[in-house]
Structures are given as C-alpha cells and as structure tokens.
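Each chain is listed here by its residues.
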Amino acid sequence: MLKVENVYKTFNAGTINEKKAIQGLNLHLEPGDFVTVIGGNGAGKSTTLNLVAGVFLADRGKITLDGQDITKQPEYVRAKLLGRVFQDPMLGTAADMEIEENLAMAYRRGKRRGLSWGVTNNERELYFERLKMLDLGLENRMNSKVGLLSGGQRQALTLLMATLQKPKLLLLDEHTAALDPKTAARVLELTEEIVTKDSLTTLMITHNMKDAIHYGNRLIMMHEGKVIYDVKGEEKKQLHVSDLLKKFEECGGETSDRMLLA
Amino acid sequence: MTSILLAMQGAVSQGILWSVMALGVFITFKVLDCADMTVDGSFALGGAVSAVMILKGVDPFLSLFIAVAAGMIAGTVTAVLNTKLQIPILLAGILTQLALYSVNIRVMGQPNTPLNGVSTIVTILRDITSMQKSIITLILGIVIAAALVFILYWFFGTELGSAIRATGNNEYMVRALGVNTDMMKIIGLFLGNGLVALSGALVGQSQGYADVQMGQGAIVIGLASIIIGEVIFDFLVSAFKFKLSFAHKLLSVIIGSILYRLIIAIVLQLGMKSTDLKLLTATIVAAALALPVLKSKLPSSKNKKIAA
Ligand SMILES: Nc1ncnc2c1ncn2[C@@H]1O[C@H](COP(=O)(O)OP(=O)(O)O)[C@@H](O)[C@H]1O
Ligand SMILES: [Mg+2]
C-alpha cells in the first residue's frame with residue numbers, strides 16, 4: 001500500500017540551523033495495516049507524515065502509495081489518496097464556515113470543483129447520518145459555524161471529514177494530544193471505530209505508549225529520522241510500556257517526561 | 001437646503017458606483033484574506049481603459065467589459081507574483097500598483113483623459129430616458145450593484161466559490177482536501193480586480209474623465225466601506241436576531257460604501273476641507289481596526305473563548 005524507500009529530508013541545509021530530520025527511512029505498509037508510531041520529540045514522526053502528505057518534498061528516495069509514485073506530486077494532488085487529521089484542532093476545519101460546508105469541502109476531496117452548488121440536499125442526508133454516528137449532537141447543528149465547536153468536537157469532525165471519501169491512507173498526527181483526557185479517549189474510540197469499519201490503512205502518531213500498544217496491529221518506534229523498532233501481531237499485543245521504554249533507552253533516547261506520561 | 005439634499009443624492013450615487021470597488025476589495029481582503037494592494041492601480045486602469053476605448057469609438061457598454069478584463073489581468077499579475085514567485089502578497093500588490101501607474105499613462109497617452117462631447121453610458125441612458133444625469137447614475141448603480149450581489153452570492157455558493165472561501169479561511173485544510181490553493185488565490189484576485197476596474201470605469205464615465213490619480217486611496221476607501229457595513233449589520237443582527245448570511249455581507253458592503261460617501265458629504269457640508277478627507281478616512285479605518293483590540297483590553301468585556 002504505502003512504500004517509503006530510503007527517504008532523506010534535511011531542513012535548512014547548509015545553514016547553522018541545518019537539521020537532518022529523516023535519514024534513510026524505509027517503511028512498507030500492507031493494505032489494512034493500522035500502525036501506531038512512537039518516538040521522542042524531534043524523532044521525525046511528523047516529518048514522515050508530512051513527507052507522505054507532500055507538505056514538503058523528500059530530498060532523496062521514493063514514496064509510492066497504492067501503486068502510484070507520489071514522490072514529486074504536489075500536496076493538493078496526492079490529497080485525493082489521503083485523509084489527514086492534525087494535532088491542532090484548528091488546522092483541520094474552516095472555522096468561519098458551517099459544519100455542512102466543511103463536510104461538503106471534504107466530500108469533494110480529489111474531485112473537480114465546478115460551478116454546481118456547493119452543498120446538495122442528498123449530501124445533507126449523508127452528513128446527518130454520519131454526524132449522528134459521532135454521537136456528539138452535531139447532526140442538529142449542521143448550519144453552525146465550526147468555530148463555535150470545542151476542540152474535541154472539531155477533531156471528531158475532522159476525522160469524519162478525512163474519511164468521508166474513503167482514503168487509501170489515513171494520517172493521524174497526535175490528533176488527540178490537544179484534548180482533555182476524556183475527550184481524547186472518545187476521539188480515539190471513534191478513530192478505531194471508523195478505521196475498523198472501513199478497514200482503513202492508517203498511520204497514527206501518538207505520544208501515549210499505552211495507546212500505541214492498545215490500538216492497531218503494528219507499532220513502529222522512530223529515532224533520529226529512522227525506524228528503529230517495528231513489531232506486529234501477537235508480539236505487539238504482548239508488549240508492555242516498560243518494554244518500549246527499555247527499547248527507547250537502548251537506542252540512546254532520553255526518556256522525556258512526555259513519554260513517561262503514558 | 002436643496003443644495004444639501006442634492007449633495008446627499010450625489011453622495012448616494014457615488015457610493016453605489018464605488019461600492020463595486022468595495023465588493024472587489026471584500027473578495028480579496030475578506031473572503032480570500034489577501035491584503036491586495038493592486039486596487040488603487042486597477043481602479044484607475046479600469047477608468048483609463050474604458051475612457052480610451054470610448055474615444056476610439058468603442059461602445060461605452062462594451063468598454064466596461066474591456067475594462068473588467070484589464071483589471072482581471074492586473075489581479076492575475078499580482079496573484080502570480082505572490083503564488084508562483086513567492087513574493088509576499090503585500091509587496092506583490094504594491095509592485096503591480098506601481099507598475100500600473102506607468103501602464104495607465106501609457107494607455108491614455110497622458111495622465112488624464114476627458115470624455116467631453118462623447119457619449120458615455122450615462123449620456124446614452126439620458127438620451128433614451130430623458131431623466132436627470134444624477135438619477136440615471138443612481139439607477140444604473142443600483143441595477144449593477146444588485147446584479148453583482150446576486151452573481152457573487154451564487155458564485156460563492158458553488159463548489160469553486162466555496163473552495164475560494166475556504167482558502168481564505170484555512171489554507172492548510174483546503175490543500176489537505178485536494179484544492180490547489182494557488183489557483184484559488186489567482187481566481188480570487190482575478191475576480192476582485194475585475195470588479196475594481198469595473199468600478200473605475202463606471203466612476204470615470206459618470207464623472208466624464210479618467211485620471212491616473214483617480215484610484216488613489218481606493219483600498220482604504222474600500223476597507224472603510226466594508227467596516228462601516230459590518231458595524232451596521234452587527235447592530236442589526238443584535239437588534240433583530242437574524243443569521244448573517246453571505247448575501248447580507250455583500251449587501252453590507254454596498255450600504256457601507258453609500259454611508260461612507262454620506263459621511264464625507266456631511267463633513268464637507270460642515271466645512272471640512274476636502275484635502276483633509278484622506279486623514280478622516282484613514283482615521284475611521286484605523287479606529288475601526290483597533291476597536292477589537294481596545295475592547296479586549298477593557299476589563300469589563302467578556303472574552304469569548306473556544307473551550308478545548
Ligand atoms: N518545517 C521545518 N523546518 C525546520 N525544521 C523542521 C521542520 N519540521 C521539522 N523540523 C525539525 O525536524 C526534526 C523532526 O521534527 P518532527 O518530525 O516534527 O518531530 P516529531 O517526531 O516530534 O514529530 C525536529 O528537529 C524539528 O525541529
Ligand atoms: Mg510531531
């Protein structure tokens with residue numbers, strides 16, 4: 001499904017701020033893989049997702065998704081293959097537009113946008129049903145501005161938007177990190193529900209090791225721009241947070257407070 | 001007394017013709033969130049192109065369309081400088097505006113073009129209807145403004161229009177949803193400056209001449225109109241509790257533009273020097289823009305915060 005082959009990315013090359021963020025990354029995802037990604041601050045997790053999404057291009061290496069070479073494709077072109085939810089709840093939705101307008105934007109991901117009406121009545125029914133599944137009462141507020149929603153509601157909506165057109169790959173970058181624990185748990189539950197229902201191939205970054213073990217069928221740990229640990233299936237299920245911490249320290253990583261929170 | 005009424009009527013017609021420019025500024029500044037400084041130049045460009053076309057024997061109505069096309073090209077230049085060549089939008093607009101000064105003089109062959117003795121849309125309609133010039137300007141302005149509100153309301157409700165609105169709101173999201181945001185900005189500036197040039201052409205024809213200086217300060221006048229309209233509609237919304245739709249916002253721009261001209265007419269009647277008007281306009285805009293900041297600094301105000 002996704003193939004990242006020998007990818008490198010350096011920021012601000014040749015300046016004093018040079019940062020080798022990704023250094024020879026290899027990653028292959030099978031269709032239906034739900035992979036959790038962990039690693040210390042600055043390990044290159046977000047950069048990996050951004051490279052796949054095309055926020056910036058790789059310096060070297062090749063990225064293929066669903067058989068297409070997307071290495072050099074602009075972000076908006078490969079967007080037709082990808083669903084994305086960001087860490088910041090503000091990033092995934094347009095605050096000054098209505099809930100249904102946001103959904104309508106997402107419903108047309110990867111399609112040509114012409115001069116037909118922006119939201120049709122048939123769509124409204126679909127949105128109503130989908131919003132109802134979130135169980136947040138948003139289905140009765142379809143004409144409310146998204147800016148009026150809480151962070152958790154916005155993340156749930158973004159998740160729905162990212163999956164409204166079934167993506168080849170779903171990219172989640174610490175999408176619950178900015179939420180309070182209860183809301184975060186609810187959004188994670190929803191994530192699993194949607195991913196399972198549509199058997200979506202998913203990359204989910206999390207800083208919570210328990211979540212990383214509990215969710216998905218595969219777990220990878222990143223360090224200094226590379227994958228340093230990759231487990232799946234039974235072996236992954238048997239993991240404990242302490243195993244991950246040990247693994248992390250073996251590679252010379254500083255166990256940050258943030259990771260211990262898990 | 002009649003002189004005051006006449007001044008008021010003139011102000012309303014001027015306000016409507018200039019409101020077309022304000023609608024253009026609304027599209028770039030408000031809808032697209034692009035501080036497009038091309039406006040001063042594209043306004044004069046519209047006036048110049050239309051005037052020169054008329055002198056060359058082109059039908060005055062047709063000259064409006066040519067003026068719009070010229071404005072659209074100017075907007076596209078700014079948009080391409082910004083999106084493809086990565087020049088900050090503010091600078092890109094200023095560069096185009098500066099270049100347009102020379103272009104406009106080239107177009108006219110001189111710094112201004114009088115339309116004495118040739119027919120304009122205003123004189124043509126006067127000959128048909130035998131109404132007063134000022135009344136014709138007023139009706140013409142109302143018809144055009146109403147048509148534009150209708151067309152813009154439709155356009156920004158379409159898939160493409162929604163994508164442009166969303167680009168102004170959250171570019172990051174829109175790109176993630178597969179929209180070429182560069183293209184949205186190009187279309188937005190293209191449309192916005194087309195309207196600005198249309199306004200320049202209408203104003204030029206109604207006053208009977210085009211001048212390279214005629215667009216000076218247009219951006220700030222446009223912003224002042226938008227802000228005045230916003231204030232009025234905020235008040236109406238809180239008084240009558242209705243939902244502010246996009247159509248209301250378009251309408252508010254036109255009403256704001258008319259009120260702006262009325263305010264100017266009144267202060268002139270009260271004896272203000274016309275050369276002080278730019279100071280007044282700048283002060284209105286600065287005060288209105290500073291208002292939210294000043295309000296939030298008052299201890300009594302309730303800060304609306306989005307709960308996480
Ligand atoms: N756009 C950017 N410009 C410069 N440096 C960046 C950029 N994005 C990430 N980096 C740097 O690359 C490294 C990896 O960052 P990131 O992938 O965000 O880490 P994380 O694993 O915490 O998500 C960090 O040192 C970060 O400072
Ligand atoms: Mg990160």
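Numbering of residues begins from 1 in every chain and follows the order in which that chain's sequence is written. Whichever chain is written first becomes A and whichever ligand is written first becomes 1, with later ones labelled in order. Note on the predicted model: pLDDT of at least 70 is required for a residue's local features to be given, and 80 or more for side-chain atom pairs to be given and counted; whole-chain, interface and lining totals, by contrast, use all residues. The side-chain numbers reported here are obtained from all heavy atoms of the structure, hydrogens and water having been left aside.

1. Focus on the overall build of chain A
Phase 1: Numbering of helices and strands starts at the N terminus; helices are DSSP runs of H or I of at least 4 residues and strands are runs of E of at least 2. Helix and strand content of chain A: 10 helices and 10 strands.
Phase 2: Here the globule rule is a power law, 2.2 Å times the number of residues to the power 0.38, and the radius of gyration is based on C-alpha atoms. For chain A, the C-alpha radius of gyration of 19 Å lies close to 18 Å, the compact-globule estimate for 262 residues.
Phase 3: Along the longest, intermediate and shortest principal axes, the C-alpha atoms of chain A span 55 × 40 × 35 Å.
Phase 4: Counting all 262 residues of chain A, 52% fall into the buried class.
Phase 5: In chain A, the share of contacts with a sequence separation of at least 24, taken over all contacts with a separation of at least 6, comes to 66%.
Phase 6: Charge counting follows a simple rule: Lys and Arg are positive, Asp and Glu are negative, and His as well as the terminal groups are ignored. Throughout, a charge is located at the NZ atom of Lys, the CZ atom of Arg, the CG atom of Asp or the CD atom of Glu. In chain A, 36 positive and 35 negative side-chain charges are present, and the distance between their average locations comes to 5 Å. For each residue, the accessible area found with a 1.4 Å probe, counting protein chains only, is set against the maximum for its type, and the residue is called buried under 20%, exposed over 50%, and partly exposed in between. Note on contacts: a residue pair is in contact if any heavy atoms of the two residues lie within 4.5 Å.

2. Observations concerning the overall build of chain B
Phase 1: Looking only at helices and strands, chain B features 12 helices and 2 strands.
Phase 2: Along chain B, helices (α) and strands (β) appear in the sequence α-α-α-α-β-α-α-α-α-α-β-α-α-α when read from the amino end.
Phase 3: The C-alpha radius of gyration computed for chain B amounts to 20 Å, which stays within 12% of the reference 19 Å derived for 308 residues, consistent with globular compactness.
Phase 4: Buried residues in chain B amount to 51% of all 308 residues.
Phase 5: In chain B, the share of contacts with a sequence separation of at least 24, taken over all contacts with a separation of at least 6, comes to 78%.
Phase 6: With the model as given, the accessible surface of chain B reaches about 14300 Å², and the carbon-plus-sulfur share is 69%.
Phase 7: Chain B carries 20 positive and 12 negative side-chain charges, and their two centres are separated by 7 Å. What sets the accessible areas is the Shrake-Rupley method with a 1.4 Å probe; for residues, cover comes only from the shown protein chains.

3. Some remarks on the nonpolar core
Note on soluble globular proteins: their nonpolar side chains tend to be buried together.
Phase 1: Within the largest apolar cluster, 122 residues are counted, with the highest numbers of intra-cluster contacts made by A:Leu103, A:Leu131, B:Met21 and B:Leu202.
Phase 2: Filtering out sequence-adjacent residues up to four positions away, B:Met21 remains in contact with B:Val39, B:Phe43, B:Leu195, B:Val196, B:Ser199, B:Ala218, B:Ile221 and B:Gly222.
Phase 3: The next biggest cluster of nonpolar side chains, apart from the first, holds 27 residues, and it includes A:Ile22, A:Ala53, A:Leu65 and A:Ile205. What is meant by a nonpolar core is a set of buried Ala, Val, Leu, Ile, Met, Phe, Trp, Tyr and Cys residues, joined one to another through side-chain atoms within 4.5 Å.

4. Digging into the side chain of B:Ser206
Phase 1: The topology assignment puts B:Ser206 in helix 9 (residues 181-207).
Phase 2: Those residues in contact with B:Ser206, other than ones at most four positions away along the chain, are B:Gln14, B:Leu17, B:Val122 and B:Thr137.

5. Section: the sheet that holds strand 2 (residues 19-29) of chain A
All names here are of chain A.
Phase 1: Two strands make a pair as long as DSSP finds a minimum of two bridges between them. Spatially, 4 strands are ordered 2-1-4-5 in an open sheet, and the strand pairing comes out antiparallel. Edge positions in the sheet fall to strand 2 and strand 5 (68-69), since each has one partner strand and no second.
Phase 2: With 2 bridges joining them, strand 4 (residues 60-65) and strand 5 adopt antiparallel strand pairing. Bridge pairing in strand 5 links Thr64 to Asp69.

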